[in-house]
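Descriptive analysis of the structure
So the chains spell out like this:
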Amino acid sequence: MKKKEPGLWSNCAFLMQFTWGINKKIFFYKIPQILRNIVSPFIPIVFVRLILNEITIGRNMRLLLFYVALLAGATFIADAAGALLDYLTQRQMDLTVKKIKNHLGTVVMEMPYSDAEQPKIRDFILLAQNGTNFSQVLDQAANIITSVVTIAGLAAIIITVQPLIFIFVALVVLFRLLADKQDRKLWDKWRPRYAPVMRKNRYLFRIMKTIDFGKEIRINSLEDWVYDKTDEVAEVYLRMAGKHNAEIQRCNILSSAASILQECAVYVILAYRVVFREMPIGDFSMYSTSVSTFSNSVSSIVGAISSMMQTGMFVRDFRQCIEIAERSRQSNAEGLSAAKIDDVVLEFRNVSFKYPNTDRFILKNINLTLQKNTSLSIVGVNGAGKTTLIKLLCRLYAPTAGEILLSGVNIQEYAYDEYIDLIGTVFQDFKLFNFSVRENVSFDENANEEKVLQCLRMSGLGEKIDRLSAGIDTNISKEFDSGGIEFSGGEGQKLAMARTLYKNAPVIVLDEPTSALDPIAEAEIYA
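Cut-offs and rules
Residues numbered from 1 in each chain as written. Predicted model: local features only at pLDDT ≥ 70, side-chain atom pairs only at ≥ 80, totals over all residues. Heavy atoms only, no water. Helix = DSSP H or I, 4+ residues; strand = E, 2+ residues; numbered from the N terminus. Buried < 20%, exposed > 50% of the residue type's maximum accessible area, 1.4 Å probe, protein only. Contact = heavy atoms within 4.5 Å. Areas by Shrake-Rupley, 256 points an atom, 1.4 Å probe, with all protein chains shown as cover. Pairing = 2+ DSSP bridges. Axes fitted to C-alpha atoms, helices over the stretch in contact; angles between N-to-C directions. Salt bridge = Lys/Arg side-chain N within 4 Å of Asp/Glu carboxyl O. Patch = residues over 30% accessible without salt bridge, like charges linked within 9 Å, V, L, I, M, F, W, Y side chains within 5 Å. Lys, Arg positive; Asp, Glu negative; His and termini not counted. Charge placed at Lys NZ, Arg CZ, Asp CG, Glu CD. Parallel < 35°, antiparallel > 145°, perpendicular 65-115°, else oblique. Left-handed = near helix turned anticlockwise from the far one by under 90°. Nonpolar A, V, L, I, M, F, W, Y, C, P; charged D, E, K, R; others polar. Core = buried A, V, L, I, M, F, W, Y, C linked by side-chain atoms within 4.5 Å. Phe/Tyr/Trp six-rings, centres within 6.5 Å; stacked < 30°, edge-to-face > 60°. Lys NZ or Arg CZ within 6 Å of the ring centre and 35° of its normal.

1. Considering the overall build of the protein
When helices and strands are counted, the protein shows 18 helices and 6 strands. Counting the 527 residues in the protein, one finds 42% classified as buried. At a minimum sequence separation of 6, the contacts of the protein that also span at least 24 residues come to 74%. When the accessible area of the protein is evaluated, it comes to approximately 29800 Å², of which 57% is carbon and sulfur surface.

Here it is in structure tokens:
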């Protein structure tokens, strides 16, 4: 039976709990902000009534000036408190969003590689990383609390003049609820369509902005080609957004008409009281403002709930990413210890593999054994599955059929971290990081210099590093340091080899590690 997905409210509750875990302060800043927002709308309602009634009835200039001073003072205090609380709350909110995004980054790195490669998961990650949506949950929850308390106070004022007004307000709320419900359905419909387009758009902008593609673009005059592709994706997005917005506007017509009807009805009722029941002008102002604020507060609750439910869709993706990583973390932590295995023997036993969502087997019925202190070369045409074999050995993917054994035990049964410590790998598409040479070899900025240099010399990069003024502390690339060094393809391969040597794992796997090396350097590597 398919597992039922968590509901939107469950997702919002999850995010509130998650936020509490990473930054409790944000909640304590929100409380005084809520209190200020509750009091603020009542200041003009009360004091404008007093001022207008004094102008039209009392005509006491001293008392009038006193009311004006109170209005000005209360408004100033409320605004100043609001500005300070908004500033303090925003600082905590920025910190919270930063922590959430950092957590998402950690989650992506911890989830299984086989999941992270899938386009659907990449769409989830793209949609989940919008921190603004996460902060909206807290903001909208605060809006709901503020509006509920405000409504209670305003209802006590309105009911004294004409309870019939509540019928018109309820009518507006009903149409707003219907419109928001339809809006959520539309967003649920359009949202999955946006994700792949947004992801492609980001990729194209990365091509335009980063230096990685700079040489290819300039040598092949690809400016127009890249621009046209970017423009095509933008056109697709704009067409989708236009259709989506048109559907939203059609949904909002009835709620807009109901709002106009409510406003007209309220003014008719209050005008009647002024003309025929001698209602003071100050009371007219108080009641009309109260009704308008009441209606806006009710609409605010409806809008906040709708926004939280829409945000719940983003949280759903965030939660799914976390759950995938958590399952992976638990699975990796459990298992047999591989730390004390001395006699490392790896065996592929009837291993077959096909990538997810495909029917073609890349590997089929592979049987081979790797003994300790031996070397094995695997040769094949491009696409034969050599790199895939390495991915299986490194547990980036699991075999579709058959099993890989380490000293007679299926490798999936070992704790992942301990198993992967046994393997040092130079991938065909290795990556260098824009940090120091020392960190690229050891992944430790305080690593022992002599050990790092020894590995660099063994890989054939020692003389190059010795000529650098900063030595192994030279940054790779000029991304963050104008004095950084740009390695050639072959030099990059040597650095990747030094990284594997530094790990000092009992099993070393090389995926075409000399493809960019000259014949002399290649002979030195294999010597």
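2. Quick look at the sheet that holds strand E2 (residues 363-370)
Taken in spatial order, the 4 strands of this open sheet run E2-E1-E3-E4, and their pairing is antiparallel. Where the open sheet ends on each side, the last strands, each with one partner, are E2 and strand E4 (409-410). Inspection of the sheet shows strand E3 (residues 401-406) paired to E4 by 2 bridges, in the antiparallel sense. Bridge pairing in E4 places Leu405 opposite Asn410. Contacts between helix H12 (residues 386-393) and the sheet are confined to strand E1 (346-353), E2 and E3, with E1 contributing the most and set at about 120° to the helix.

3. As for the environment of Arg319
For Arg319, the location among the structural elements is in helix H11 (residues 281-333). Given the relative accessible area of 15%, Arg319 is considered buried.

4. Digging into the pattern of salt bridges
Think of it this way: side chains of opposite charge can pair up when their charged atoms draw near. All chains considered together, the criterion is met by 8 salt bridges. We note a salt bridge from Asp139 to Lys30, for which the minimum N-O separation is 2.6 Å. One end of the pair, Asp139, is in helix H7 (residues 131-158); the other, Lys30, is in helix H2 (residues 25-39), with 109 residues separating them in the sequence. A relative accessible area of 9% means that Lys30 is categorised as buried. Residue Asp283 is joined to Arg49 by a salt bridge in which the shortest nitrogen-to-oxygen separation is 2.6 Å. With Asp283 in helix H11 and Arg49 in helix H3 (residues 42-58), this residue pair connects regions lying 234 residues apart in the sequence. A relative accessible area of 26% means that Arg49 is categorised as partly exposed.

5. Re a negative patch on the surface
A cluster of acidic residues, Glu223, Asp224, Asp228, Asp231, Glu232 and Glu235, forms a negative patch on the protein surface. Assessed through its relative accessible area of 41%, Asp228 is described here as partly exposed.

6. Quick word on the packing of H2 against helix H4 (residues 61-110)
Here H2 crosses H4 at 155°, and the two axes come no closer than 9 Å. Viewed along their axes, H2 and H4 adopt a mutual orientation that is roughly antiparallel. Between H2 and H4 the crossing geometry is left-handed. On H4, the residues touching Lys25, Ile26, Tyr29, Lys30, Pro32, Gln33 and Arg36 of H2 are Ala78, Asp79, Ala81, Gly82, Leu85, Asp86, Leu88, Thr89, Gln92, Met93 and Thr96. Here the contact of H2 with H4 is composed, by residue class, of 8 nonpolar, 5 polar and 5 charged.

7. Digging into unusual backbone geometry
What is expected of a backbone is that most residues other than glycine have negative phi and most peptide bonds are trans. Of note, Asn357 is a non-glycine position whose phi angle comes to about 65°, a positive value. Look at Asn357 and you get exposed, because its relative accessible area is 75%. Despite not being glycine, Arg395 has its phi angle at roughly 60°, a positive value. Within the secondary structure, Arg395 sits in the loop between H12 and E3.

8. Describing the nonpolar core
Judged by nonpolar contacts, the single largest core of 26 residues is most densely connected at Leu346, Leu393, Leu406, Tyr419 and Ile423. Counting only elements with at least two residues in this core, the list comes to E1, E2, H12, E3, helix H13 (416-420) and strand E6 (507-510). Look past the residues within four positions of Leu346 in its chain and what remains in contact with it is Leu368, Thr369, Leu370, Leu393, Leu405, Leu406, Ile411, Tyr419 and Val507.

9. Side note on the packing of aromatic side chains
Across all of its chains, the model carries 8 aromatic pairs by this definition. Both rings, one in Trp20 and one in Phe28, keep their centres 6.0 Å apart while their planes meet at 50°; by these two values the pair is tilted. Given the relative accessible area of 54%, Phe28 is considered exposed. Ring geometry for Tyr355 versus Tyr397: centroids 5.2 Å apart, planes at 90°, classification edge-to-face. Of the two residues, Tyr355 is situated in the loop between E1 and E2 and Tyr397 in the loop between H12 and E3; the sequence distance between them amounts to 42 residues. By relative accessible area, which is 5% here, Tyr397 ends up buried. Each residue in the set Trp20, Phe27 and Phe28 is aromatic and connected to the rest through ring pairs, giving one cluster. One cation-aromatic arrangement involves Lys451 over Tyr502; the distance from NZ or CZ to the ring centre is 4.4 Å.

10. Re the pairing of E3
Where E1 and E3 come together, 5 bridges link them in antiparallel fashion. Looking at the pairing, Leu346 lines up with Leu406 of E3. Linking two consecutive strands that pair antiparallel, namely E3 and E4, is a turn of 2 residues; a positive phi of about 55° is found at Ser407 within it.

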